[in-house]
Amino acid sequence: MAVDLAHADAAYSDADLRGVALVRTEYHRIVELLGRIPNSVELGIFGAMWSEHCGYKNSRALLKRFPTTGPRVLLGPGAENAGAIDAGHGLAVVFKIESHNHPSAVEPFQGAATGVGGILRDIFTMGARPVALLDSLRFGDPASERTRYLFDGVVGGIGHYGNCMGIPTVGGEIYFDATYGANPLVNAMCVGVVPTDRILPARAGGAGNPVLLVGASTGRDGIHGATFASVSDPNSTQRSAVQVGNPFLEKLLMEACLELRDTGWLVGLQDLGAAGLTSATVEAAHKGGCGLDLDVAQVARREDGMTPYEIMLSESQERMLAIVHDGHEADVQRVFEKWGLHSNIIGHVINEPVLRVRDGENVAAEIPTAYLTDDVPMYIREGVANPKIAELWQFDATQVQPRDDLGETLQRMLSAPDVASRRTVWNSYDHMVGANTVIAPGFDAAVLRLRTEDDQDTGVTIAIATDGNGRLVYLDPYNGGAMTVAEAARNCACTGATPTALTNCLNFGNPEKLDVYYQMATAIDGMSAAARALGTPVVSGNVSLYNETEGEAIYPSPVIGMIGVLEGHPPRPSAAGQPGDVLALLGPWRDDPVDLAGSTYLATMEGIVAGRPPQLDLAAERALQDLLTDPQSFALLASAHDCSDGGLGVALAEWCTWAGLGITPDAHLMEHISHPLAVLFGEAPSRVVVSVAPAHYAGLVELATAHGVPLTQLGIVGGDQFRFAQAHCSLADLRAAHEYGLGEALGKTPVAV
Amino acid sequence: MKFGILVFPGTWSDRDWHHVLTRVLGHEAVYLWHGDRDLHDCDALIVPGGFAHGDYLRAGAIARFSPIMESVAQFAESGGLVLGSCNGFQILCEAGLLPGALRRNAGMAFRCEWVHLRVERTDTPFTSACEVGQVLRIPISHGEGNFYLDDAELESLEARRGVVLRYCDATGQVTAAANPNGSRNNIAGIINTRGNVMALMPHPERCCETVLGGTDGLPLCHSLTHALAASAR
């Protein structure tokens, strides 16, 4: 059936289309698919499902480049609400990271809180009990009032939600850069555990089966949340698109869903997130190869006069769609009622693969689900590198001169906003509830023990780390992307856990701009190469584009959430040892000022973001991580700490601060240093600081040789002074710098340690 | 020996207590739903941490009206042992089984960290395995742990030796700096006059295994089991 496009065009203005994040050509495609002009409810549904947020129209083609399979992968990207790996002992570890950047820019407390709520739902929808949360945060200049407001709001919102839910927040990272001033990043990761044979699918099925909507009643909050996240300049758009979270309600929803998991009454469970009821119903129906017939008049509402359009696109939080085996609706409702939750039957499964939305007897929308999923437009562009980057690569790092005494400089580096201790932040999060936290936040990776559903210890621990370095990806998207994966994996490997799989959140600017598209495509290639080399497939993720304001995009900021698995050995700490132990470097010993290119030192001390950062050698990185996870390493290494932001100087100072031990450097090594600044703060990759008892040093030499990893003795630990490469200071000064740096940068009153 | 662990909507330390009581200590433990009245012949009751009913009104203010709390009151009245922690402390205060109230932390921030506690008395069923003056290292995790009583009541509490645990530094000194939440007289845990209902803001259930960073929760748990064993004889 042909429709006259001129006639169709008259139905909606450009402004109408923009309001639902569609462009004219997409509208034409919709008319063509339907063979008629969509009504406004249908147009809104298309807008939401075809948005970047739900449909990944700009990123889908690129996401296919990621490796997604591996021996432990149970569920890869898109299969369910989150990815899953096999941790052994009949248990699956389910995890995903997701952004809530745009809402957090507008209303930081609720934006961050509901970001946590959303990612938690993704996990328990699958029948997994959440065991850990992590948050990767980016803010602008810590001295600005705006940043301080956003920081307090975001940190407060995360704590509010996670603490009330009783899920420990065990890690994450925080970085500051003016690039994030108007576009803060709030990426929340959740990890859950479920018996592998009891994962609940997010699909509908069985014609006639009833569909229940449970949890919060539906309001006008968050309408257009998905489309709002798919355009630039969040600050200039709707505040009403931000939802308000109720962690208590979510806790009830979680317990009810987990109680229902094993009853056999559920066909599937799908949470309501972006694009609310629309996305949940379309995805559940599409995955199940069936359709749904809904009556929005049956949806419990918190305000009068809501239209079908508003009901379908509301993003009210703490709601869940349950597809129930016919005849068990009363059983399911009884469990929900026990937990004080209201549920309504809002429709039923049909064989015909369409989404039919009725308002009582009137059909408000009817769309084949495939149009909303398979037919989402896919944009593939040819990216173009920003010529500015080639200019930035011309920067000559060998010209960088020390500013003052290197001991002073080291203290300033340790107190830098990107380096200083985050203790005050993670102490505001309950990081211990659940009785699984073996290594608390603040170190390379958090480590949790894994227990079965009937509370038997499995002897397995999982290491979890998030990482991302926008500056490195900006200066060199391919290498930076690879470094991000490598560092997250290295953080896990430091504990001894074998990096196993990852989730990622791709935070970029407007993909319609060719240089941004180039950043995204190239960073994805770099991440993919590293993920392949390190054996860590991508099992889940999320894309957040249009992170830009007034035409200025953020640094390309992919964030990696890595899971490592360890069995048979206790996890290794980041810092531990006895006076007299040897501190050594695994990985190349470097004494070259080119390593300062793109470094934290340059950015922090000189305000310069330039140069071509040191290149990652994936084979060397793999060899290092193989050594760290080699069973023989456990008897030899007392501790291992990743050397990354701030370079070797910062890694050593952190080690000494945590271990409460000073260091006397190896005299021979010191004599031959020609560029102490570069030795201290150069950021060559694939390096780890380890401590080893003197009796084990020969064994370590053997192990390093076997793995082909360079080993350099750095010094002997003990005392209360830090001495290395012309940096000399007391441990007490280092500790104070590290401890109070963040609070000082944010203008806070110090809190006693 | 059978423990009952109270579960309100929003409770989250219930599972941690269950783990310690059954897997670490080898006892029997059952969950007691807030809407029920039956205590299932439990020998002692645990009122665990969490955000009962979301703590939206005031921590513990709604939980005290749950049907189970009537049974808890009768159980306490008949001499049964009741131990509250964190939100459980708040609930027992709201229910009138313990004096005082828990206000917002003095710094207004939620704090989750290890603190030190000085044991003030050991002649209780909850601390008999400790020594007077012993310093325990136990985590806290709360936003409303600022224990308050007016001057007269505080004096009476101290006079009857109702304070069992005080926040202190690592050496046992009770200092302002060691007080994480502004509690009056650094009070971290108190006991009722009869000596069978005790509560503390810290979480002993989080430190009963070396792998979790400490085992100072064990003396409190062992005291309780010793008391139950003694009363069974």
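This one's a predicted model, so the numbers in the text were calculated from it and none came from an experiment.

Trainee: How would you sum up the overall build of chain B? Please name residues and give values.
Mentor: What chain B contains, in helices and strands, is 5 helices and 11 strands. The C-alpha radius of gyration computed for chain B amounts to 16 Å, which stays within 12% of the reference 17 Å derived for 233 residues, consistent with globular compactness. The 233 residues of chain B split such that 61% are buried. A fraction of 77% describes how many contacts in chain B between residues 6 or more apart in sequence connect residues 24 or more apart. Entry remark: accessible area of chain B is about 8,700 Å², with carbon and sulfur atoms responsible for 49%. Put simply, chain B has 19 plus and 25 minus side-chain charges, and the middle of one group is 2 Å from the middle of the other.

Trainee: Pulling in residues and values, what's your account of the sheet that holds strand β2 (residues 83-88) of chain A?
Mentor: All names here are of chain A. Taken in spatial order, the 6 strands make up an open sheet running β1-β2-β3-β6-β4-β5, and their pairing is mixed. The open sheet has two edge strands, β1 (73-75) and β5 (169-176), and neither has a second partner. This sheet shows a mean twist of 25° between the axes of neighbouring strands, independent of strand direction. Contacts between helix α9 (residues 145-165) and the sheet are confined to β4 (129-139), β5 and β6 (185-195), with β4 contributing the most and set at about 180° to the helix.

Trainee: Hey, could you go over unusual backbone geometry for me, with residue numbers and the actual values?
Mentor: All names here are of chain A. Positive phi values are uncommon outside glycine, yet Ala725 reaches one of about 45°. On the secondary structure map, Ala725 appears in the loop between β27 (721-724) and β28 (727-730). Unlike most non-glycine residues, Gln726 shows phi in positive territory, near 70°. Locating Gln726 in the fold gives a position in the loop between β27 and β28.

Trainee: Run through the confidence of the model for chain A, naming residues and quoting values.
Mentor: Mean pLDDT over chain A stands at 95; residues scoring 70 or higher make up 97%. For residues 233-237 of chain A, every residue scores under 50 in pLDDT, and the model assigns this stretch 15 contacts once sequence neighbours within four places are set aside.

Trainee: Describe the sheet that holds strand β9 (residues 291-295) of chain A, and please don't skip the residues or the numbers.
Mentor: Note: strands within a sheet are paired through backbone hydrogen bonds, in either parallel or antiparallel orientation. Residue and element names in this part refer to chain A. Across the sheet, 7 strands lie side by side as β8-β10-β7-β11-β9-β12-β13; this open sheet has mixed pairing. Since the sheet does not close on itself, it has two edges, and those belong to β8 (266-271) and β13 (362-368), each with one partner. Ignoring strand direction, the axes of neighbouring strands in this sheet form an average angle of 20°. Here 5 bridges tie strand β7 (residues 210-215) to strand β10 (residues 319-324), and the two strands are oriented antiparallel to one another. Within the sheet, the bridge partner assigned to Val211 lies in β10 and is Ile323. Across the sheet, helix α11 (residues 247-261) touches β7, β8 and β10, and the angle it forms with β10 is around 15°.

Trainee: Give me the lowdown on the nonpolar core, citing residues and values where you can.
Mentor: Judged by nonpolar contacts, the single largest core of 70 residues is most densely connected at A:Leu120, A:Leu137, A:Phe151 and A:Leu341. Broken down by element, the residue count for this core peaks at 9 residues, all from α11(A). Residues contacting A:Leu137, with those up to four places away along its chain left out, are A:Val154, A:Val155, A:Ile158, A:Glu173, A:Ile174, A:Tyr175, A:Leu185, A:Val186 and A:Tyr429. Formed by 67 residues, the second largest nonpolar core is a distinct cluster that contains B:Ala76, B:Leu136, B:Ala188 and B:Ala227.

Trainee: So, the pairing of strand β21 (residues 557-567) of chain A: which residues are in play, and what are the values?
Mentor: Regular strands have side chains that alternate between both faces of the sheet. All names here are of chain A. For β21, the buried fraction is high: 10 of the 11 residues fall into the buried class. As paired elements, strand β17 (residues 498-507) and β21 share 9 bridges and run antiparallel to each other. Looking at the pairing, Cys505 lines up with Val559 of β21.

Trainee: A description of the packing of helix α20 (residues 477-494) of chain A against helix α21 (residues 514-534) of chain A should follow, citing residues and the corresponding values.
Mentor: Between two packed helices, both the angle of their axes relative to each other and the distance between the axes serve to describe the pair. Residues and elements named next belong to chain A. Interhelical geometry of α20 versus α21 gives an angle of 40° and a closest axis separation of 7 Å. The angle between α20 and α21 falls in the class oblique. The way α20 lies across α21 gives a crossing that is right-handed. Between α20 and α21, the residues in contact are Pro477, Tyr478, Gly481, Ala482, Val485, Ala486 and Ala489 and Tyr518, Gln519, Thr522, Ala523, Asp525, Gly526, Met527, Ala529, Ala530, Ala531 and Leu534, respectively.

Trainee: How would you sum up the interface of chain A and chain B? Please name residues and give values.
Mentor: By a widely used convention, the size of an interface equals the accessible area lost when the partners come together. At the junction of the two partners, chain A supplies 30 residues and chain B supplies 25 residues. Where chain A abuts chain B, roughly 2,400 Å² becomes buried across the two surfaces, and 59% of that area is made up of carbon and sulfur atoms. For the pair chain A and chain B, the interface holds 2 salt bridges. In this assembly, chain A and chain B are joined by 13 residue pairs in polar contact (both at pLDDT 80 or more). Elements with a minimum of two residues in the side of chain A that touches chain B: α9, α11, β14 (437-439) and β15 (446-451) of chain A. Per-element accounting of the side of chain A that touches chain B gives the leading share, 4 residues, to α11(A). Within the side of chain A that touches chain B, the residues separate by chemical class into 12 nonpolar, 10 polar and 8 charged.

Trainee: Please provide a residue-by-residue account of the packing of helix α8 (residues 108-124) of chain A against α11(A), values included.
Mentor: Residues and elements named next belong to chain A. Contact pair α8 / α11: the axes reach a minimum separation of 10 Å and the direction vectors enclose 5°. Taken together, α8 and α11 sit at an angle that is classed as roughly parallel. Of the residues in α11, those in contact with Gly117, Leu120, Arg121 and Phe124 of α8 are Glu250, Leu253, Met254, Cys257 and Leu258. Its residues placed into classes, the contact of α8 with α11 shows 6 nonpolar, 1 polar and 2 charged.

Trainee: With reference to specific residues and values, describe the side chain of A:Glu52.
Mentor: Residue and element names in this part refer to chain A. Of note, Glu52 is situated in helix α5 (residues 52-55). Despite being buried, Glu52 has no salt bridge partner; Lys57 is the closest side chain of opposite charge, sitting 6.7 Å away. One polar contact links the side chain of Glu52 to the main-chain amide nitrogen of Asn58, over a distance of 2.7 Å.

Trainee: Tell me what's going on with helix α1 (residues 14-24) of chain B, and back it up with residues and numbers.
Mentor: Of the residues making up α1(B), those classed as buried are B:Asp14, B:Asp16, B:Trp17, B:His19, B:Val20, B:Leu21 and B:Thr22. Tucked inside the fold, the buried residues of α1(B) contact β15 of chain A together with β1 (2-7), β2 (28-33), β3 (44-47), β4 (81-85) and α5 (218-232) of chain B. Count one or two residues on from α1(B) and you reach B:Gly26, which has phi positive near 75°.

Trainee: An account of the confidence of the model for chain B is requested, with residue identities and associated values reported.
Mentor: The predicted coordinates should not be examined in detail at positions where pLDDT is low. Per-chain confidence: chain B averages 96 in pLDDT, with 100% of residues scoring 70 or above. Confidence estimates for the predicted assembly give a pTM of 0.96 and an ipTM of 0.96.

Trainee: How would you summarise the state of the cysteines if you had to cite specific residues and measurements?
Mentor: Using the criterion set out here, one finds 0 disulfides over all chains in the structure. For A:Cys164, which is in no disulfide, the shortest distance to another cysteine sulfur is to B:Cys86 and amounts to 12 Å. Left unpaired, A:Cys494 is separated from the closest cysteine sulfur, that of A:Cys492, by 9.2 Å.

Trainee: Describe the side chain of A:Thr549, with residues and values.
Mentor: Residues and elements named next belong to chain A. By the element assignment, Thr549 lies in strand β19 (residues 548-549). Using a relative accessible area of 14% as the deciding quantity, one classes Thr549 as buried. Looking at Thr549, its side chain comes within polar contact range of the side chain of Asn183, at 2.7 Å.

So, how was this worked out
- Residues numbered from 1 in each chain as written.
- Chains lettered and ligands numbered in written order.
- Predicted model: local features only at pLDDT ≥ 70, side-chain atom pairs only at ≥ 80, totals over all residues.
- Heavy atoms only, no water.
- Helix = DSSP H or I, 4+ residues; strand = E, 2+ residues; numbered from the N terminus.
- Rg over C-alpha atoms; globule rule 2.2 N^0.38 Å.
- Buried < 20%, exposed > 50% of the residue type's maximum accessible area, 1.4 Å probe, protein only.
- Contact = heavy atoms within 4.5 Å.
- Areas by Shrake-Rupley, 256 points an atom, 1.4 Å probe, with all protein chains shown as cover.
- Lys, Arg positive; Asp, Glu negative; His and termini not counted.
- Charge placed at Lys NZ, Arg CZ, Asp CG, Glu CD.
- Pairing = 2+ DSSP bridges.
- Axes fitted to C-alpha atoms, helices over the stretch in contact; angles between N-to-C directions.
- pLDDT = per-residue confidence, 0-100.
- Core = buried A, V, L, I, M, F, W, Y, C linked by side-chain atoms within 4.5 Å.
- Parallel < 35°, antiparallel > 145°, perpendicular 65-115°, else oblique.
- Left-handed = near helix turned anticlockwise from the far one by under 90°.
- Buried area = accessible area lost by both parts, 1.4 Å probe.
- Salt bridge = Lys/Arg side-chain N within 4 Å of Asp/Glu carboxyl O.
- Polar contact = N/O pair within 3.5 Å; in protein donor to acceptor, adjacent residues only side chain to side chain.
- Nonpolar A, V, L, I, M, F, W, Y, C, P; charged D, E, K, R; others polar.
- Disulfide = S-S within 2.5 Å.

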